[in-house]
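These are the residues of each chain, in order.
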Amino acid sequence: MSVGRISRYSIVSSEEEGLRLTTMHGMNGFGNGKIHTRRKCRNRFVKKNGQCNVQFANMDEKSQRYMADIFTTCVDIRWRWMLVVFTLVFVVSWLIFGLAFWVIALLHGDLDNPAGDDNFTPCVLQVNGFVAAFLFSIETQSTIGYGYRCVTEECPVAVFMVVFQSIVGCIIDCFMIGAIMAKMARPKKRAQTLLFSHNAVIAMRDGKLCLMWRVGNLRKSHIVEAHVRAQLIKPRITDEGEYIPLDQIDINVGFDKGLDRIFLVSPITILHEIDEESPLFGISKQDLETADFEIVVILEGMVEATAMTTQARSSYLASEVLWGHRFEPVLFEEKNVYKVDYSHFHKTYEVPSTPRCSAKDMVENKFLVPSSNSFCYENELAFLNRDEEEEEDVGGGGRALANLSPDRNSRHEFERLQASRGLDQRSYRRESEI
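A. Up close: the sheet that holds strand E10 (residues 309-317). Spatially, E7-E6-E9-E10 is the arrangement adopted by the four strands of the open sheet, whose pairing is antiparallel. Both outer strands of the open sheet, strand E7 (243-250) and E10, are each paired with one neighbouring strand and no more. With strand direction ignored, the average angle separating the axes of adjacent strands in the sheet is 25°. Here strand E6 (residues 223-237) pairs with strand E9 (residues 294-303) via nine bridges, running antiparallel. Counterpart to Val-224 in the pairing with E9 is Met-302.

B. Here's a closer look at the nonpolar core. Leu-211, Trp-213, Phe-293, Ile-295 and Leu-299 are the most contacted members of the largest nonpolar core, which totals 37 residues. Mapped onto this core, the elements with two or more residues apiece are strand E3 (194-196), strand E4 (200-205), strand E5 (208-217), E6, E9, E10, strand E11 (321-323) and helix H8 (359-364). Per element, the largest residue contribution to this core is five residues, and it comes from E6. The next biggest cluster of nonpolar side chains, apart from the first, holds 14 residues, and it includes Ala-105, Ala-132, Phe-136 and Met-161.

C. The arrangement of the layout of surface pockets in detail. Empty space within the largest pocket amounts to approximately 1500 Å³. Elements represented by at least two residues in the lining of the largest pocket include exactly helix H2 (62-68), helix H3 (70-76), helix H4 (79-108), helix H6 (156-185), E3 and E10. For the lining of the largest pocket, the residue count by class is 18 nonpolar, 14 polar and twelve charged.

D. Spatial organisation of the packing of H4 against helix H5 (residues 130-141). One way to put it is that H4 packs onto H5 with a least axis distance of 8 Å and a crossing angle of 125°. Between H4 and H5, the angle falls in the class oblique. Of the two elements, H4 crosses H5, and the hand of that crossing is right-handed. Contact residues: H4 offers Phe-90, Ser-93, Trp-94, Leu-95, Phe-97, Gly-98, Leu-99, Phe-101 and Trp-102, while H5 offers Phe-130, Ala-133, Phe-134, Phe-136, Ser-137, Ile-138 and Gln-141. Classifying every residue of the contact of H4 with H5 gives twelve nonpolar, four polar and no charged.

E. View of the side chain of Asn-199. Secondary-structure assignment places Asn-199 in the loop between E3 and E4. By relative accessible area, which is 2% here, Asn-199 ends up buried. Polar side-chain contacts of Asn-199 include one of 3.1 Å to the backbone oxygen of Glu-320.

F. View of the state of the cysteines. For the structure shown, the criterion picks out one disulfide. Shown here is the disulfide that connects Cys-123 with Cys-155, its sulfur atoms set 1.7 Å apart. In this structure the cystine formed by Cys-123 and Cys-155 twists about its S-S bond by roughly -50°; its chirality is therefore left-handed. One end of the pair, Cys-123, is in the loop between H4 and H5; the other, Cys-155, is in the loop between H5 and H6, with 32 residues separating them in the sequence. Cys-155 carries the same exposure label as Cys-123, and that label is buried.

Criteria and thresholds
Residues numbered from 1 in each chain as written. Predicted model: local features only at pLDDT ≥ 70, side-chain atom pairs only at ≥ 80, totals over all residues. Heavy atoms only, no water. Pairing = 2+ DSSP bridges. Helix = DSSP H or I, 4+ residues; strand = E, 2+ residues; numbered from the N terminus. Axes fitted to C-alpha atoms, helices over the stretch in contact; angles between N-to-C directions. Core = buried A, V, L, I, M, F, W, Y, C linked by side-chain atoms within 4.5 Å. Buried < 20%, exposed > 50% of the residue type's maximum accessible area, 1.4 Å probe, protein only. 1 Å grid on protein atoms, 1.4 Å probe; cavity = no way out; pocket = protein on both sides within 12 Å on 5 of 7 lines; lining within 4 Å. Points joined across faces, edges and corners; volume = space filled by probe spheres on them. Nonpolar A, V, L, I, M, F, W, Y, C, P; charged D, E, K, R; others polar. Parallel < 35°, antiparallel > 145°, perpendicular 65-115°, else oblique. Left-handed = near helix turned anticlockwise from the far one by under 90°. Contact = heavy atoms within 4.5 Å. Polar contact = N/O pair within 3.5 Å; in protein donor to acceptor, adjacent residues only side chain to side chain. Disulfide = S-S within 2.5 Å.

Encoded structure:
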C-alpha cells in the first residue's frame, strides 16, 4: 500500500496531509509482522529557515527577567521596535531634564521676570517656560550649544543638573549605539547565505549505506573553523514507560575522525555512515516511508569579516529523506578555474542499485553490494564536460584533433573495460538519461 508524502516545503503539516500509516510491533513481542495504524504526522521542530518551532508559555516573571538583561533584549528585538526604543529613550530623557529645569526656574522665580530685570539674575538665561526649558535640555544633552540659553552661577542646583544630564546623556549614547552596532554586526544574517539542500538522501558510498545532505556557502568570504553536527529527534518510550516527545539522538558525522570539520569553499556533501551505532541502523526503505522522526542539521563557524561565531540550521523530516538517490554534481573544472553551478544544488537522481533493506539486514544477511565500477552519472557528466571543452579548443585544427585522440581512446578503453565486467546496462541507462 503506497503512502502519500507531504510537500517537502511544508512547515507544519495540515490535517489532510497529517494522517499517514505508521508501524509498531506487537505488544510484549507477540505476533508476527507489524501492526499498521494511522496517526497525525509530527510537526517540524526546526523549520527550514533555521527557526525553532517552539513557543514559551506560563513563564514566571518574564518581564523582570528580560529587563534584567536589557542589552540582550534590545539586540534580540526587531528593528522597528529597536527604533521605537531608541527614539523614546532620548525623548523621555529630554522631557525629564526639561521638566527639572522648568521646576528650578519656577522655584527661583525666573518665570515671574520674563522681561529680564537688570537687578535679577535667573538660573538659566532665556528660560521663560516649559518649551524653553525643553529646548535647553536638548541643547545640553546633545551638546548643540546655540549660545542663546545658558546656565548661570546663581543656582548651584541648575549647575548640578547640567553636569548630571551630561553624564546621563553619555551613558545613553554608549548604550544605544552599542546595542545598534551589536545588532548590525551580529552574525545571524550570515546564516542566510549558508545553504542546505532541500532533501537528504540515503545511498551507497564506498560499499556502505550512508545518509547524506549537502551544504554550501553563497559568499566568497569563508567560514573559518566550519564544522557540522546532526541530531535525530523522535518520540520515545523508555523501559519504565515514560514518554519523551522529543528525544535527541546524536548522529555521528565523523567527529572521531575529524571529518566534521570542513573547508567550505565549494558545496560539500556531509556523510553519516549508517552502522551499528547509528539510529538509522534498522530502518529500511519501507520503514522510512512510515517513520516518524526529524533530522536536525547544524553548521557552525566564525565569520571571516567579524570573527564572530555564526550558526545555520535546517531539518529533514522522514518524508524529505530520499532513499536510493544521489546529489547531482555541482563542481566542474573549466580551463583554469573550478565552476560551481548552484542550479544543480538541490537536484538528485535515482540510483536503482541501492539496496532496499536496512543496514542491519545488510550486515546480518551479508548482502552483496552491486559492483562499484558501474558507470555513474557523475562520470558521464565529467566526460561530457571534458568533451565540450575539447570541442571548443579544437577550432578545426589538425593539431588539436591529434591531441584529442588520446582522450577519446581512453574513453573507448574505459567503456570496453566496463563492458567486459558485465555491467547492468539498465542501471547505466537510468542514471545517464538524467
